[in-house]
Structures are given as structure tokens and as C-alpha cells.
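Observations on the three-dimensional arrangement
Residues per chain, in single letters:
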Amino acid sequence: QLVLWAMLEAPPEEEFAATDLPLDDIDRIAALVPAVRQWAHSGDTKRDALVAQLADRRPSLVFATARETVRYLRECLPAPVAWCTGESAGLGPARLARDTVLQWFGPTHRWAGPGAPPAVLVSTDVSAEGLDLQAAARVVHYDLPWTSVRLVQREGRALRRGSMHDSVEVIRFEPPPAIEERLRQSWQLARKRG
């Protein structure tokens, strides 16, 4: 446990004196522990839905808003998973040059590795604009961005002239109702689009 003593109120003359922490909420916290354990072991339904969508191995771009989400997905999706963030890129746990990773989903679509090429590129919005990723047959918004322009930019990586597919599937993972109620993210996207 970490206590930031400087943030607790203490008289100036007792600056370094020990201060009692209020423990009024200890019973409520103790009651949360079983609920958190149950949640941690219940699985991730959103991730499971993504795995089901990607099971057909169609080349797919999966966009997430945070690097941590990209890391999480690359560790739990069936291998091989290519990934790209603002700081680095790679295949599975290995780091590779960003250009190498992106060319697997680009117009030249070159794969020189052993086995099947990666069918999934998980990325932050660093790959959402200025890139030609026409080898992708599907764009997945695992996390929704805050603007409709960003949605269009993400989709535009695959929905472009020279696409290797007759049509490109677009999948959106909507926020859970409790989060949508508080953040109103889908509502904001619709409002901004209007």
C-alpha cells in the first residue's frame, strides 16, 4: 500500500508526524473484493466477440484508442497478430520496423516470414490517416474515437481506390450501456456527424 503523507492534512508543526488514516469505508471496500474477483475471472466478453469476428482470418484492421489496449489484444488474440502504436510496432511480442509491419497490409502486401502472414493488425490511431492499407477486408472499431472524422479516417485506410476486395466490412463495438449513459460517446459521435 502506498500512502502519500504529504497529501494528508496535518498541522505544519507536525509535518512529519504520523497521521491516522480514516478507515470508515473499510467495510465497503472489503465487500467489493469478492465482486472484483468474480469480475476478473468472468472473462472478457468484448474480447471474445472480437475473437469470434476474426475467426475467418480475413485481413482486418482493429483500431483501439490506447496503447495498453493494443498490448492486451496482441497478447490474447490468436497469433500471429501484427500491431502498431505511436512508439513502436511488431508481430506478437517481437518489435519490428513500422514500415515492415504496415506493408503486410498495404498495396504491395509482401510477407517473407514462415507460415501464414498475419491476418490482423491491431493499432492505435497512429495508423488512421495517411496510409494505404488496401489488403484489409475489414475495419474494426474496438474502441470508438471521439469524433466522426476519426471514424472516417480509420475506415479510409481500407476503403480506398486499389482495394484488394470488392467490399470492406466495418464493425463497431459500441460502449456498454452503463458507460454510454455516463459518457454519451455514441450520442456525441452522431451529434458531431450531423
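Residues numbered from 1 in each chain as written. Predicted model: local features only at pLDDT ≥ 70, side-chain atom pairs only at ≥ 80, totals over all residues. Heavy atoms only, no water.

Residues of strand β5 (residues 120-123) alternate between two faces, with Val120 and Val122 on one and Leu121 and Ser123 on the opposite face, all of them buried. Alignment of strand β2 (residues 81-84) against β5, held across four bridges, turns out to be parallel. Each residue of the ladder has a partner; that of tryptophan 83, found in β5, is valine 122. (Buried < 20%, exposed > 50% of the residue type's maximum accessible area, 1.4 Å probe, protein only. Helix = DSSP H or I, 4+ residues; strand = E, 2+ residues; numbered from the N terminus. Pairing = 2+ DSSP bridges.)

A separate point is helix α3 (residues 67-76). Buried residues of α3: Thr69, Val70, Leu73 and Arg74, and no others. Taken down its axis, α3 places every buried residue within 130° of arc, on the same side. Buried residues in α3 make contact with α2 (45-54), β1 (60-63), β2 and β5. (Arc of directions from axis to C-beta. Contact = heavy atoms within 4.5 Å.)

Turning our eyes to something else, we now look at the sheet that holds strand β6 (residues 138-141). Strand order in this open sheet of seven strands is β4-β3-β2-β5-β1-β6-β7, and the pairing throughout is mixed. One side of each edge strand has no neighbouring strand; the edge strands of this open sheet are β4 (94-96) and β7 (169-172). On average, adjacent strands in this sheet sit at an angle of 20° to one another, irrespective of strand direction. The pairing of β2 with strand β3 (residues 89-91) spans three bridges and is classified as antiparallel. The partner of cysteine 84 across the bridge, within β3, is alanine 89. (Axes fitted to C-alpha atoms, helices over the stretch in contact; angles between N-to-C directions.)

A few words on the side chain of arginine 154. By the secondary structure assignment, arginine 154 is in helix α5 (residues 148-156). At a separation of 2.7 Å, a polar atom in the side chain of arginine 154 contacts the side chain of aspartate 125. Once you skip the residues sitting within four places of it in the chain, arginine 154 turns out to touch Phe63, Ala64, Thr65, Asp125, Ala128, Val139, His141, Asp143, Leu144 and Pro145. (Polar contact = N/O pair within 3.5 Å; in protein donor to acceptor, adjacent residues only side chain to side chain.)

Turning our eyes to something else, we now look at unusual backbone geometry. In this structure, proline 80 follows alanine 79 across a cis peptide bond, with omega equal to -5°. Note on placement: proline 80 falls in the loop between α3 and β2.

Attention now goes to the packing of aromatic side chains. The way to describe two aromatic rings as a pair is by their centre distance and the angle between their planes. This structure, assessed with the given rule, holds two aromatic pairs. A centroid spacing of 4.9 Å and a plane angle of 75° characterise the contact between tryptophan 104 and tryptophan 111, whose relative ring orientation is edge-to-face. Classification of tryptophan 104 by relative accessible area gives buried; the value is 7%. Residue class for tryptophan 111 comes out partly exposed when judged on its relative accessible area of 26%. A centroid spacing of 5.4 Å and a plane angle of 55° characterise the contact between tyrosine 142 and phenylalanine 173, whose relative ring orientation is tilted. Here tyrosine 142, found in the loop between β6 and α5, pairs with phenylalanine 173, found in the loop between β7 and α6 (177-183); they are 31 residues apart in sequence, far enough to count as distant. Just as tyrosine 142 is buried, phenylalanine 173 falls in that class too. Residue placement shows lysine 46 over the ring face of tyrosine 142; its charged tip is 4.3 Å from the ring centre. (Phe/Tyr/Trp six-rings, centres within 6.5 Å; stacked < 30°, edge-to-face > 60°. Lys NZ or Arg CZ within 6 Å of the ring centre and 35° of its normal.)

Attention now goes to the environment of leucine 77. Summarising the element assignment, leucine 77 is placed in the loop between α3 and β2. The class of leucine 77 is buried, set by a relative accessible area of 7%. Taking the C-alpha atoms as reference points, leucine 77 and valine 120, 43 residues apart in sequence, are found 9.1 Å from one another. The contact partners of leucine 77, leaving out residues within four places of it in the chain, are Leu50, Val51, Leu54, Val120 and Val122.

Moving on: the nonpolar core. Leu61, Ala82, Phe105 and Leu121 are the most contacted members of the largest nonpolar core, which totals 17 residues. Discounting chain neighbours no more than four positions away, the residues touching leucine 61 are Phe105, Leu121, Leu133, Ala136, Arg138, Val139, Val140, Arg157 and Ala158. The next biggest cluster of nonpolar side chains, apart from the first, holds 15 residues, and it includes Leu54, Val62, Val81 and Trp83. (Core = buried A, V, L, I, M, F, W, Y, C linked by side-chain atoms within 4.5 Å.)

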